Amino acid sequence: MKLTTDILKKMVRSVQMTTQQEIGCGECFEQLEQFAGMKLKGKAPEEAMPLVQDHLKKCNDCREEYEALLDAMEELGNPA
Amino acid sequence: MINWFKKRRSKDTSYDTNEAWIRALSEPVDEKAVEILREKLIRGLKPALHKYVDRELDQFVEDVAQDALLKVLDNIDSFRGDSKLLTWAMKIAVREGLTELRLKRYDDISINDLKYDDDSEVFSMRVATDQPQPDRLAHESQLIEKMMTIIEDELTDKQQTAIRLLMIKDLSVTVVAKQMDTNRNALYKLVHDARLKLKNRFKLEGIDPDEMLNTL
């Protein structure tokens, strides 16, 4: 495998985005339904729960789960 | 027929509140509530997972809903009521489904393959670009070399492995956590600690990430 410029960029970006206070996947998961519920109600969870928002930006798996949760709840008529 | 509709209607609307759901899903469990929840999970999971499943979506979603239901019933006491119970249950089901899909995709990869296949090349800092200008190539090589020196100086072996699997191999956190025999939360914390170390070292060395990105 060769290290590409793209990988270097990805590494530098991830360092650049790092903050002292970040939550892990566990804490994000614990709060995800609340975050999704606010989003579905048209509120702004990004402002109310910035650490969850920050984690979703940085963690692909959690973001994928959040987006799938929104899709699922929308199918059920958005009963958040 | 009318009675049947009435029955259906009253059944569907009898779990409108979290309290009603919790009561119904706690021991002794109300089987009707379980069935309604199962149907809702299946209905929600289909649009949520369809883009990740290439065949037998219905069967897959039914299996996921069943596994998720067991988790919901096992953990009903931990539901804090921060949202509708259905959103909480759906969150569990979505994670169940996506986790299974991610692991299935990487079933054949073992940690040994990932760990030892080409470490020497990864850390020999080779640059793969589309034949850039020689001076640009030299510049990029320098930056890559610098980055790798910092990584080797600052990070533990475990952190280096995690960074390599996540950023270079581009594997998902779920897969890497499984391969490294840990969990997603612990893995995220391990990598967060690694990123903080790198950030501090950047600062000590006067490296500005913005500037570095601009030159790449």
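Residues numbered from 1 in each chain as written. Chains lettered and ligands numbered in written order. Predicted model: local features only at pLDDT ≥ 70, side-chain atom pairs only at ≥ 80, totals over all residues. Heavy atoms only, no water.

### Side note on the overall build of chain B
So, step 1. Secondary structure assignment for chain B yields 12 helices and one strand.
So, step 2. Here chain B, with 216 residues, has 43% of them falling under the buried criterion.
So, step 3. Excluding contacts between residues fewer than 6 apart, the proportion of contacts in chain B whose partners are at least 24 apart in sequence is 63%.
So, step 4. Taken as a whole, chain B presents about 12,200 Å² of accessible surface, with 47% of it coming from carbon and sulfur. (Helix = DSSP H or I, 4+ residues; strand = E, 2+ residues; numbered from the N terminus. Buried < 20%, exposed > 50% of the residue type's maximum accessible area, 1.4 Å probe, protein only. Contact = heavy atoms within 4.5 Å. Areas by Shrake-Rupley, 256 points an atom, 1.4 Å probe, with all protein chains shown as cover.)

### Concerning the state of the cysteines
Simply put, disulfide is the name for a covalent bond between the sulfur atoms of two cysteines.
Residue and element names in this part refer to chain A.
So, step 1. For the coordinates displayed, the defined rule picks out zero disulfides over all chains.
So, step 2. As a non-bridged cysteine, Cys-28 has Cys-62 as the owner of its nearest cysteine sulfur, 4.4 Å distant.
So, step 3. For Cys-62, which is in no disulfide, the shortest distance to another cysteine sulfur is to Cys-59 and amounts to 3.6 Å.
So, step 4. Residue class for Cys-62 comes out buried when judged on its relative accessible area of 3%. (Disulfide = S-S within 2.5 Å.)

### Side note on the interface of chain B and chain A
So, step 1. Listed per partner, the contact involves 58 residues of chain B and 45 residues of chain A.
So, step 2. Across the chain B to chain A interface the summed buried area is about 5,100 Å²; carbon plus sulfur atoms make up 63%.
So, step 3. It is B:Lys91, B:Met167 and B:Tyr188 that lose the most area in chain B upon contact with chain A, and together they represent 13% of the buried surface on that side.
So, step 4. Residue B:Arg80 pairs with A:Glu30 through a salt bridge whose shortest N-O separation is 3.7 Å.
So, step 5. For the side of chain B that touches chain A, the leading source of residues is helix H5 (residues 85–105) of chain B, giving 11 residues.
So, step 6. Considering only residue class, the side of chain B that touches chain A consists of 30 nonpolar, nine polar and 19 charged. (Buried area = accessible area lost by both parts, 1.4 Å probe. Salt bridge = Lys/Arg side-chain N within 4 Å of Asp/Glu carboxyl O. Nonpolar A, V, L, I, M, F, W, Y, C, P; charged D, E, K, R; others polar.)

### Section: the packing of helix H4 (residues 50–58) of chain A against helix H5 (residues 60–75) of chain A
All names here are of chain A.
So, step 1. With their axes 6 Å apart at the nearest point, H4 and H5 run at an angle of 110° to one another. Judged on the interaxial angle alone, H5 and H4 are roughly perpendicular. Contacts between H4 and H5 involve His-55, Leu-56, Lys-57 and Lys-58 from the former and Asn-60, Cys-62, Arg-63 and Tyr-66 from the latter.
So, step 2. Residue composition of the contact of H4 with H5, by class: three nonpolar, two polar and three charged. (Axes fitted to C-alpha atoms, helices over the stretch in contact; angles between N-to-C directions. Parallel < 35°, antiparallel > 145°, perpendicular 65-115°, else oblique.)

### Topic: the confidence of the model for chain B
All names here are of chain B.
So, step 1. Of the residues in chain B, 81% have a pLDDT of 70 or more, and the chain-wide mean is 86.
So, step 2. Counting interchain partners and residues more than four positions distant, the pLDDT-below-50 stretch residues 4–12 has three contacts.
So, step 3. Scored below 50 in pLDDT, residues 118–126 shows 20 contacts in the model against residues more than four places distant or in partner chains.
So, step 4. Interface predicted TM-score (ipTM) for the complex: 0.93; the corresponding pTM is 0.86. (pLDDT = per-residue confidence, 0-100.)

### Comments concerning the pattern of salt bridges
Residues and elements named next belong to chain B.
So, step 1. Per the counting criterion, the structure on display carries 22 salt bridges over all chains.
So, step 2. Residue Arg-80 pairs with Asp-82 through a salt bridge whose shortest N-O separation is 2.8 Å.
So, step 3. By relative accessible area, Arg-80 is classed as partly exposed at 47%.
So, step 4. The exposure class of Asp-82 is partly exposed, given its relative accessible area of 32%.

### Looking at the confidence of the model for chain A
So, step 1. Per-residue confidence for chain A gives a mean pLDDT of 93; residues scoring 70 or more make up 94%.
So, step 2. Least confident of the elements in chain A is strand E1 (residues 3–4) of chain A, whose mean pLDDT is 73; most confident is H4(A), at 98.

### With respect to the packing of aromatic side chains
All names here are of chain A.
So, step 1. Considering all chains together, one arrives at three aromatic pairs over all chains under this definition.
So, step 2. Each ring, one from Phe-35 and one from Tyr-66, has its centre 5.3 Å from the other, and the planes form 75°; the classification is edge-to-face. One end of the pair, Phe-35, is in helix H2 (residues 25–40); the other, Tyr-66, is in helix H5, and 31 residues separate them in sequence. Both residues of the pair, Phe-35 and Tyr-66, count as buried. (Phe/Tyr/Trp six-rings, centres within 6.5 Å; stacked < 30°, edge-to-face > 60°.)

### A word on a negative patch on the surface
All names here are of chain B.
So, step 1. Side chains of Glu-62, Asp-63, Asp-67 and Glu-100 sit close together on the surface and give a patch of like negative charge.
So, step 2. Element by element, the count of residues in the negative patch is highest for helix H4 (residues 57–74), at three residues.
So, step 3. Summarising the element assignment, Asp-67 is placed in helix H4. (Patch = residues over 30% accessible without salt bridge, like charges linked within 9 Å, V, L, I, M, F, W, Y side chains within 5 Å. Lys, Arg positive; Asp, Glu negative; His and termini not counted. Charge placed at Lys NZ, Arg CZ, Asp CG, Glu CD.)

### Notes on the nonpolar core
Buried together is how nonpolar side chains tend to be arranged in soluble globular proteins.
So, step 1. If you look at the biggest cluster of nonpolar residues, it comprises 88 residues, and the most contacted ones within it are A:Met11, B:Leu25, B:Leu37, B:Leu41, B:Leu45, B:Met90 and B:Leu187.
So, step 2. For this core, the element with the most residues is H5(B), which contributes 10 residues.
So, step 3. Setting aside residues up to four positions removed in sequence, B:Leu45 forms contacts with B:His50, B:Val61, B:Val64, B:Ala65, B:Met90, B:Ala93 and B:Val94. (Core = buried A, V, L, I, M, F, W, Y, C linked by side-chain atoms within 4.5 Å.)

### Notes on H5(A)
So, step 1. Compared with an ideal rise of 1.5 Å per residue, which puts 16 residues at 22 Å, H5(A) spans 23 Å between its outermost C-alpha atoms and is within 8% of the ideal.
So, step 2. Of all the residues in H5(A), the buried ones are A:Asp61, A:Cys62, A:Glu65, A:Tyr66, A:Ala68, A:Leu69, A:Leu70, A:Ala72 and A:Met73.
So, step 3. Taken together, the buried residues of H5(A) touch H2 and H4 of chain A together with helix H3 (31–49), H5, helix H10 (173–179) and helix H11 (184–204) of chain B.
So, step 4. Backbone geometry just after H5(A) places A:Gly77 at a positive phi near 85°. (Expected span 1.5 Å × (residues − 1).)

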